[in-house]
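Chain by chain, the residues:
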2 protein chains.
Amino acid sequence: MPRIVVDVMPKPEILDPQGKAIVGALPRLGFDAFSGVRQGKRFELAVDGEVTEAVLAQAREAAETLLSNPVIEDVVNVQVVED
Amino acid sequence: MPRIVVDVMPKPEILDPQGKAIVGALPRLGFDAFSGVRQGKRFELAVDGEVTEAVLAQAREAAETLLSNPVIEDVVNVQVVED
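Every value quoted in this text rests on a predicted model; they were computed, and no experiment measured them. (Residues numbered from 1 in each chain as written. Chains lettered and ligands numbered in written order. Predicted model: local features only at pLDDT ≥ 70, side-chain atom pairs only at ≥ 80, totals over all residues. Heavy atoms only, no water.)

**So, the nonpolar core**
So the rule is basically this: Nonpolar core, defined: a set of buried Ala, Val, Leu, Ile, Met, Phe, Trp, Tyr and Cys residues in which side-chain atoms within 4.5 Å join the residues together. Under the scheme applied here, a residue whose accessible area is under 20% of the maximum for its type counts as buried, over 50% as exposed, and between as partly exposed, the area being computed with a 1.4 Å probe on protein chains only. Runs of E in the DSSP output that reach at least two residues are strands. Runs of H or I that reach at least four are helices, and both are numbered from the N terminus. The contact criterion used is simple: two residues touch if any of their non-hydrogen atoms lie within 4.5 Å.
Formed by 19 residues in total, the largest nonpolar core has its most connected members in A:Leu26, A:Phe34, B:Ile4, B:Val6, B:Phe43, B:Leu45 and B:Val55. The element contributing the most residues to this core is helix H2 (residues 53-65) of chain B, with 5 residues. What B:Val55 contacts, discounting residues up to four positions off in sequence, is A:Ala33, A:Phe34, B:Ile4, B:Val47 and B:Glu50.

Put into structure tokens, the structure is as follows:
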């Protein structure tokens, strides 16, 4: 069954307290290779049948309206994944 | 600056109440193409300098220990993204 993956990230200018907490915890656990972390969301939408252009358009619109808050978040990726 | 993207999803057998809420809201908003939704997390780890095999190994270990809860979540993707 094909799925559509939607990735949503906080806008660069928006503070990301979860990311800040993770970047603080990493060196305490011995992970010293990373200078910053941002945490966003990943959605997998299951599609019955074929992913047509209309289905993909619905996914893009749902991503911008329901799955993300366009004031503080960017939809960075809408992508079909075949299993 | 290269980034490492880590994707974490709830395990298939784990109930995902956020996904359930979204799948209920979609048809009310006119999106009728989707039969299921799962919500997970996406992390972007910023790396200063080059992404070596050692850095990638750190990212994989951090993904399994700090960024996900292996009891209820799967790390589905650890991937380098060049800007």
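**Concerning the confidence of the model for chain A**
What counts is decided by this rule: On a range of 0 to 100, pLDDT expresses the predictor's confidence in each residue.
Of the residues in chain A, 100% have a pLDDT of 70 or more, and the chain-wide mean is 96. Per-element confidence in chain A ranges from a low mean pLDDT of 96 for helix H1 (residues 17-28) of chain A to a high of 98 for strand E1 (residues 3-10) of chain A.

**Section: the pairing of strand E2 (residues 34-47) of chain A**
Looking down a regular strand, the side chains alternate between one sheet face and the other. The criterion, for reference: Criterion used throughout: strands pair if DSSP finds at least two bridges between them.
Counting buried positions over the 14 residues of E2(A) gives 11, a clear majority of the element. Pairing between E1(A) and E2(A): 6 bridges, direction antiparallel. Note that in E2(A) the partner of A:Val6 across the bridge is A:Phe43. Judged from the 13 bridges that link them, E2(A) and strand E2 (residues 34-47) of chain B form a sheet pairing that is antiparallel.

**Notes on the relation of the copies chain A and chain B**
Quick note on the threshold: To line up the copies, we fit them by least squares on C-alpha atoms, keeping just the residues with pLDDT of at least 70 in both.
For these two chains of identical sequence, chain A goes onto chain B by a turn of 180° and a shift of 0.0 Å along the axis, with RMSD 0.0 Å. The two molecules are tied by a two-fold rotation axis, judged by turn and shift. Identified as the residue of chain A closest to the rotation axis by C-alpha distance is A:Lys41, at 2.2 Å. Interface residue correspondence from chain A to chain B reaches 100%, placing this contact among same-surface, isologous pairings.

**Some words on the pattern of salt bridges**
In plain terms, the rule: A carboxyl oxygen of Asp or Glu within 4 Å of a side-chain nitrogen of Lys or Arg is what we treat as a salt bridge.
Per the stated rule, a full pass over the model turns up 12 salt bridges over all chains. In this structure, the salt-bridge partner of B:Arg42 is A:Asp7, at a minimum N-O distance of 3.1 Å. Taken together, the residues B:Arg42 in strand E2 and A:Asp7 in strand E1 connect one chain to another. You can call B:Arg42 buried: its relative accessible area is 10%. With a shortest N-O distance of 2.9 Å, B:Arg42 and B:Glu44 are connected by a salt bridge. Of the two residues examined, B:Arg42 and B:Glu44, each falls in the buried class. Salt bridges here are not isolated pairs; linked through shared partners, they connect A:Arg3, A:Arg42, A:Glu44 and B:Asp7.

**Comments concerning the interface of chain A and chain B**
The test is simple: By definition, the buried area sums, over both parts, the 1.4 Å-probe accessible area that each loses when the two are put together. Whenever a nitrogen or oxygen atom comes within 3.5 Å of another N or O atom, the pair is scored as a polar contact, on the condition that within protein one atom can donate a hydrogen and the other can accept it, and that pairs from neighbouring residues in sequence are kept only if both atoms are in side chains. Residue polarity follows a fixed list, in which Ala, Val, Leu, Ile, Met, Phe, Trp, Tyr, Cys and Pro are nonpolar, Asp, Glu, Lys and Arg are charged, and the others, Gly among them, are polar.
Taken together, the contact pairs 36 residues of chain A with 36 residues of chain B. In total, about 2900 Å² of surface goes out of reach between chain A and chain B, with carbon and sulfur atoms giving 64% of it. Taken as a group, A:Phe34, A:Arg42 and A:Gln58 account for 22% of the area that chain A buries against chain B, more than any other trio of residues on that side. Counting the contacts that link chain A with chain B gives 2 salt bridges. Applying the counting rule to chain A against chain B returns 16 residue pairs in polar contact (both at pLDDT 80 or more). Only E1, H1, E2 and helix H2 (53-65) of chain A provide two or more residues apiece to the side of chain A that touches chain B. With 14 residues, E2(A) is the largest single contributor of residues to the side of chain A that touches chain B. Class assignment of the residues belonging to the side of chain A that touches chain B gives a composition of 21 nonpolar, 7 polar and 8 charged.

**Concerning the sheet that holds E1(A)**
How we decide: Working convention: axes come from line fits to C-alpha atoms, limited for helices to the stretch in contact. Angles between N-to-C directions cover 0 to 180 degrees.
Strand order in the open sheet formed by 6 strands is E3(A)-E1(A)-E2(A)-E2(B)-E1(B)-E3(B), and the pairing between neighbours is antiparallel. Two strands bound the open sheet, and with one partner strand each, they are strand E3 (73-81) of chain A together with strand E3 (73-81) of chain B. Between one strand and the next, the sheet's axes are offset by a mean angle of 25°, whatever the strand orientation. Most of the contacts of H1(A) go to E2(A), to which it runs at about 125°, and overall it touches E2 of chain A together with E2 of chain B.

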